[in-house]
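# Descriptive analysis of the structure
One letter stands for each residue in the lines below.
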Amino acid sequence: MAVPSTEVQQRAEELRTTLNQYAYEYYVKDQPSVEDYVYDRLYKELVQLETDYPQLVTEDSPTQRVGGIVLPGFEKVIHDIPLYSLNDVFDKEEIIAFDARVQKALGRAVDYVCELKIDGLSISLKYENGRFVRGATRGDGTVGENITENLKTVKSIPLKLKEPVSLEVRGECYMPKASFIRLNQVREEEGLEVFANPRNAAAGSLRQLDTRIAASRNLSTFLYTLADFGPIEAHDQFSALDELDSLGFRTNHERRLCRTIDEVWAYIEEFHEKRSELPYEIDGVVIKVNDFSDQDTLGFTVKAPRWAAAYKFPPEEAET
Ligand SMILES: NC(=O)c1cc2c(N)ncc(C(N)=O)c2s1
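These remarks concern the structure in this document. Since the structure is predicted, the reported quantities are computational estimates derived from the model, not experimental observations. (Residues numbered from 1 in each chain as written. Predicted model: local features only at pLDDT ≥ 70, side-chain atom pairs only at ≥ 80, totals over all residues. Heavy atoms only, no water.)

The subject of this paragraph is the overall build of the protein chain. Looking only at helices and strands, one finds 10 helices and 11 strands in the protein chain. Among the 320 residues that make up the protein chain, the fraction classed as buried is 48%. Long-range contacts, defined here as pairs at least 24 residues apart, represent 74% of the contacts in the protein chain between residues at least 6 apart. Accessible area of the protein chain: about 16,300 Å², with a carbon and sulfur share of 51%. One way to put it: in the protein chain the 38 positive side-chain charges average out to a point 3 Å from where the 56 negative ones average out. (Helix = DSSP H or I, 4+ residues; strand = E, 2+ residues; numbered from the N terminus. Buried < 20%, exposed > 50% of the residue type's maximum accessible area, 1.4 Å probe, protein only. Contact = heavy atoms within 4.5 Å. Areas by Shrake-Rupley, 256 points an atom, 1.4 Å probe, with all protein chains shown as cover. Lys, Arg positive; Asp, Glu negative; His and termini not counted. Charge placed at Lys NZ, Arg CZ, Asp CG, Glu CD.)

This is the structure:
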């Protein structure tokens with residue numbers, strides 16, 4: 001095999017760094033800084049270098065996002081830190097009762113963080129020394145499926161963090177509404193069964209053993225939980241979300257710190273209104289006590305945290 005010169009190695013490294021930065025701006029920040037043709041030209045140059053010198057390929061190279069292996073099956077994953085489920089609430093009275101229980105248990109009023117409840121597939125991402133090493137489905141909260149190879153093709157999931165830290169984060173993998181509509185059009189044209197909704201389309205895409213299929217489905221993510229903090233210092237949910245941003249993860253920026261339950265309800269009404277305009281599907285709002293020490297004091301019931309509630313929107317009126 002031909003050995004690449006130092007200049008070629010440096011050029012490959014420079015292309016990887018530049019392309020990964022462009023992809024971060026496009027897929028994580030939704031703020032591309034260059035036109036697609038600029039990205040495509042540099043990408044083609046890197047593909048040519050990696051073809052001429054396969055030893056130049058690194059696991060965080062943008063060329064690894066296209067998938068290409070067919071897995072024999074999905075291994076089971078035991079979640080060291082179980083993924084909890086949420087208590088659902090359906091009206092304002094239940095939210096007031098939730099707040100009353102929290103205040104009674106803590107003896108004072110607390111700040112809440114409201115976050116949109118994304119209608120996708122819960123995932124857990126594990127990093128060692130900054131490298132993405134394992135991605136898994138929620139499963140039953142304790143045992144999930146190893147879908148690392150498929151998640152490596154999801155462009156908003158960093159393959160290498162900005163810091164060489166070891167941690168675990170949780171979030172949602174979803175299919176944007178526009179991608180869902182386009183996918184179903186193609187499936188209809190090909191006489192294939194269409195997906196009922198974006199959540200099923202995302203789940204179906206991540207359950208494919210051929211990773212090229214997941215790579216083609218334009219999946220995205222919103223991360224919202226630091227499970228294993230590693231060296232990250234965060235004392236509350238609102239700042240933990242900023243930490244996720246600074247590590248290079250995609251988070252949902254509609255989040256809001258609410259000082260009172262009235263502000264929580266105002267947020268719920270605002271996003272019940274805005275729901276149909278969002279480019280992704282949501283099925284409600286997740287309300288969390290902001291301070292982590294308060295969360296620890298409140299703890300969990302058998303299945304769900306006492307410090308959170310999932311307000312569920314009424315089912316959307318069928319399109320008339
Ligand atoms: N089951 C769960 O714990 C959660 C599920 C979800 C979801 N589908 N979307 C957003 C959040 C969030 N921002 O916390 C959570 S938390």
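Read on for the rest.
Here we come to the side chain of K117. The residue K117 is located in strand β3 (residues 112–118) in this model. Beyond its immediate chain neighbours, meaning those up to four positions away, K117 contacts L86, E281, I282, D283, G284, V285, V286, A310 and K312.

A few words on the pairing of strand β5 (residues 131–137). The buried fraction of β5 amounts to 5 of the 7 residues, a majority that puts the element mostly inside the structure. Direction of pairing for strand β4 (residues 121–128) relative to β5: antiparallel, over a ladder of 6 bridges. Residue pairing across strands places S124 opposite A136, the latter belonging to β5. Joining the antiparallel neighbours β4 and β5 is a turn of 2 residues, in which N129 adopts a positive phi near 50 degrees. (Pairing = 2+ DSSP bridges.)

Per the stated rule, a full pass over the model turns up 21 salt bridges. The closest approach of N and O atoms between K117 and D283, which form a salt bridge, is 3.5 Å. Highlighted residues: K117 in strand β3 and D283 in strand β10 (residues 282–289), separated in sequence by 166 residues. Judged by its relative accessible area of 15%, D283 is buried. (Salt bridge = Lys/Arg side-chain N within 4 Å of Asp/Glu carboxyl O.)

Along the chain, R250 falls in the loop between α8 (237–247) and β9 (256–258). Among the polar contacts made by the side chain of R250, one reaches the main-chain carbonyl oxygen of T221 at a distance of 3.2 Å. Sequence-distant contacts of R250, that is, excluding residues within four places in its chain, are made with Y27, V28, D30, S156, Y174, S220, T221, F222 and L223. (Polar contact = N/O pair within 3.5 Å; in protein donor to acceptor, adjacent residues only side chain to side chain.)

What follows concerns unusual backbone geometry. At D30, a position not held by glycine, the phi torsion is positive, near 55 degrees. One non-glycine residue, N218, lies in positive phi territory at about 50 degrees. One can find N218 in the loop between α7 (211–215) and β8 (220–228).

With that settled, consider the sheet that holds strand β7 (residues 167–174). Sheet architecture is open: 4 strands sit in the order β5-β4-β7-β8, paired in antiparallel fashion. The open sheet terminates on both sides in strands that have one partner only, identified here as β5 and β8. For this sheet the average axis-to-axis angle between neighbouring strands, irrespective of direction, equals 30 degrees. With respect to the sheet, α8 is in contact with β7 and β8, its orientation differing from that of β8 by roughly 120 degrees. (Axes fitted to C-alpha atoms, helices over the stretch in contact; angles between N-to-C directions.)

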